[in-house]
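# Residue-level structure breakdown
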Amino acid sequence: MGLKWGILGLGKIANHFCKDLLLIEDSDLYAVSSRSIEKANSFASRYNSEVSYGSYEAILEDPHVDIIYIATPHDSHLQYAMAAIDAGKHVLCEKPLAVNYAQVSRLTEAAQKKGVFLMEALWTRFIPVIEEVISKIKGGEIGIPTYLHSTFSFFKEIDYTSRLFNPDLAGGSILDVGLYPVFLCYTLFGMPQSIAASGIVTDRGIDLQMTALLDYGGGSAQLMSGLQTDCDMTSKIYGTEGQLIIDSRWHEAQSYQIIKPNEEIRYKHPTIGRGYAHEILECMKCIENNQLQSSKWSHQDSLNVIAILDEIRRQVGVVYPFE
Ligand SMILES: NC(=O)c1ccc[n+]([C@@H]2O[C@H](COP(=O)([O-])OP(=O)(O)OC[C@H]3O[C@@H](n4cnc5c(N)ncnc54)[C@H](OP(=O)(O)O)[C@@H]3O)[C@@H](O)[C@H]2O)c1
């Protein structure tokens, strides 16, 4: 019998996730839940889910659900992930795992105490290109890496009904997409010695743009996120013996290049589906091996990244009404 998944919140990412889930053997889309039963029924028939629920509470009471995937806006991750943990379910929760360090700590401690698997859905960590980039950089392929430039920005018309621009739902670029360059930087270089960040903040208190300079003593990183400009969506790592460029859009990359004097090689590694399949496979592997966290994206990794994001938000001046 495969792992039985339950989906909590049926928005944009839940659709993408379920398409990839259907590609994986030994993982079953068993139940879906929405605040609306009509939406849940139509989602269930679209993706062949056995059961549909018109409330989030109901899916957590279903004893057949092994793992809950939480796909609601950021502000509610703490509440629903905590409820799923309390119900004894394993949890894969969308990024950011929660809005700030204190919230993420509460979740990681609760999961450890309850003895259930918990992972932030930092899917980019598991796609084949990023796996190989990490091993090439750490293996010294471009010598000593001294500079990283990473961006994640796109133009979106300001729309206060969208979660992206709504402070009550923890909107803004930093937590939604700034998290990706921060994740890459942290994964390759670790915790910075210092951070200098600035940004553009709306009168409703969410950031439209963020730029951060992370200093590592022997190296540095320039990271940018935004909701008001399209950017090339590459990430570039420069080292003493060459450059590594993760092709656009780097967070879902299918290829990367290594450029050295007299040598330019492009490596191609397609994802399974859109790329969410790889985090699903990681969850399955961990649960099968009775691991309560992934060694590739651990609780401490989520805590470290949210600590960097907290500091960036503090400097940019973004505080959510519920904090
Ligand atoms: N990994 C990725 O590539 C990726 C991409 C996009 C987003 N995300 C993450 O996934 C989460 C959801 O993003 P999304 O783009 O899928 O958002 P979305 O399209 O707005 O969907 C969010 C869903 O959450 C539920 N929900 C519960 N409380 C809500 C509230 N107060 N307001 C609005 N919706 C509420 C709704 O589902 P029901 O109506 O069914 O209850 C809604 O459809 C975010 O945390 C985001 O960071 C990840």
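Definitions and cut-offs
- Residues numbered from 1 in each chain as written.
- Predicted model: local features only at pLDDT ≥ 70, side-chain atom pairs only at ≥ 80, totals over all residues.
- Helix = DSSP H or I, 4+ residues; strand = E, 2+ residues; numbered from the N terminus.
- Rg over C-alpha atoms; globule rule 2.2 N^0.38 Å.
- Buried ≥ 20, exposed ≤ 12 C-beta atoms within 10 Å, placed from the backbone.
- Domains from an automatic or database assignment.
- Nonpolar A, V, L, I, M, F, W, Y, C, P; charged D, E, K, R; others polar.
- Contact = placed C-beta atoms within 7 Å.
- Near = placed C-beta within 6 Å.
- Arc of directions from axis to C-beta.
- Pairing = 2+ DSSP bridges.
- Axes fitted to C-alpha atoms, helices over the stretch in contact; angles between N-to-C directions.
- Parallel < 35°, antiparallel > 145°, perpendicular 65-115°, else oblique.
- Left-handed = near helix turned anticlockwise from the far one by under 90°.

Across its full length, the protein chain carries nine helices and 14 strands. Computed over the C-alpha atoms, the radius of gyration of the protein chain is 20 Å, within 12% of the 20 Å expected from 2.2 N^0.38 for a compact globule of 323 residues. Burial analysis of the protein chain (323 residues in total) assigns 47% to the buried set.

Looking at the assigned domains, one finds that the protein chain contains domain 1 (3–123 + 285–290) and domain 2 (125–275 + 305–316). Spacing between the C-alpha centres of domain 1 and domain 2 amounts to 26 Å. Top element by residues in the side of domain 1 that touches domain 2 is helix 1 (residues 12–21). It accounts for three residues. Split by residue class, the side of domain 1 that touches domain 2 holds nine nonpolar, three polar and four charged.

Moving on: the environment of T187. By the element assignment, T187 lies in helix 7 (residues 173–189). For T187, a count of 21 C-beta atoms within 10 Å translates into the label buried. Counting along the chain gives 109 residues from T187 to K296, while the straight-line C-alpha distance between them is 9.7 Å. Not counting chain neighbours up to four residues away, the residues in contact with T187 comprise R125 and I134.

This part is about the site of the ligand. By nearness alone, 21 residues border the ligand, and G9, G11, K12, I13 and S34 come closest of all. Each of domain 1 (3–123 + 285–290) and domain 2 (125–275 + 305–316) accounts for three or more of the residues forming the shell around the ligand.

Let us now look at helix 6 (residues 128–138). Listing the buried residues of helix 6 in full gives V129, I130 and V133. Each buried residue of helix 6 lies within a common arc of 90° when the element is viewed along its axis, so the set occupies one face. Exposed and facing more than 90 degrees away from the buried side of helix 6 are S135 and K138. For helix 6, the elements touching its buried residues are strand 12 (242–246) and strand 13 (255–260). In the stretch just after helix 6, G140 is the one whose phi turns positive, near 80°.

With that settled, the discussion passes to the sheet that holds strand 5 (residues 90–93). Ordered in space as 3-2-1-4-5-6, the six strands form an open sheet in which the pairing is parallel. Each edge of the sheet is formed by a strand with only one pairing partner; in this case those strands are strand 3 (51–53) and strand 6 (118–120). Sheet twist, expressed as the mean angle between neighbouring strand axes with direction ignored, is 20°.

So, on to the packing of helix 1 against helix 8 (residues 276–288). Interaxial distance between helix 1 and helix 8 falls to 8 Å at its minimum, and their mutual angle equals 65°. When the interaxial angle is binned, helix 1 and helix 8 end up roughly perpendicular. Note that helix 1 runs across helix 8; the crossing there is right-handed. Residues H16, F17, D20 and L21 of helix 1 lie in contact with helix 8, whose contacting residues are Y276, A277 and I280. Residue composition of the contact of helix 1 with helix 8, grouped by class: five nonpolar, one polar and one charged.

This next bit is on helix 4 (residues 77–86). Given 3.6 residues per helical turn, the α-helix brings residues three or four places apart onto the same face. Looking only at helix 4, the buried set comprises H77, L78, Y80, A81, A84 and I85. Packing partners of the buried residues in helix 4 comprise strand 1 (3–8), helix 3 (56–61), strand 4 (67–70), strand 5, helix 5 (101–114) and strand 6. G88 sits one or two positions beyond helix 4 and adopts a positive phi of about 80°.

In this section: the sheet that holds strand 14 (residues 263–268). Within the open sheet, the eight strands sit side by side as 8-9-10-7-11-12-13-14. Their pairing is mixed. Of all strands in the sheet, those with a lone pairing partner are strand 8 (194–201) and strand 14, marking the two edges. Strand-to-strand twist across the sheet, computed as the mean angle between neighbouring axes with direction ignored, equals 10°. As paired elements, strand 11 (residues 235–239) and strand 12 share five bridges and run antiparallel to each other. Considered in strand 12, the bridge of K236 is made with I245. Helix-sheet contacts for helix 6 involve strand 7 (145–153), strand 11, strand 12, strand 13 and strand 14, and the interaxial angle to strand 12 is about 165°.

Packing of helix 5 against helix 9 (residues 299–316) leaves a shortest axis separation of 9 Å and a crossing angle of 170°. Considering the angle they form, helix 5 stands roughly antiparallel to helix 9. Touching Y101, V104, S105 and T108 of helix 5 are H299, S302, L303, I306, A307 and D310, all from helix 9. For the contact of helix 5 with helix 9, the class distribution of residues is five nonpolar, four polar and one charged.

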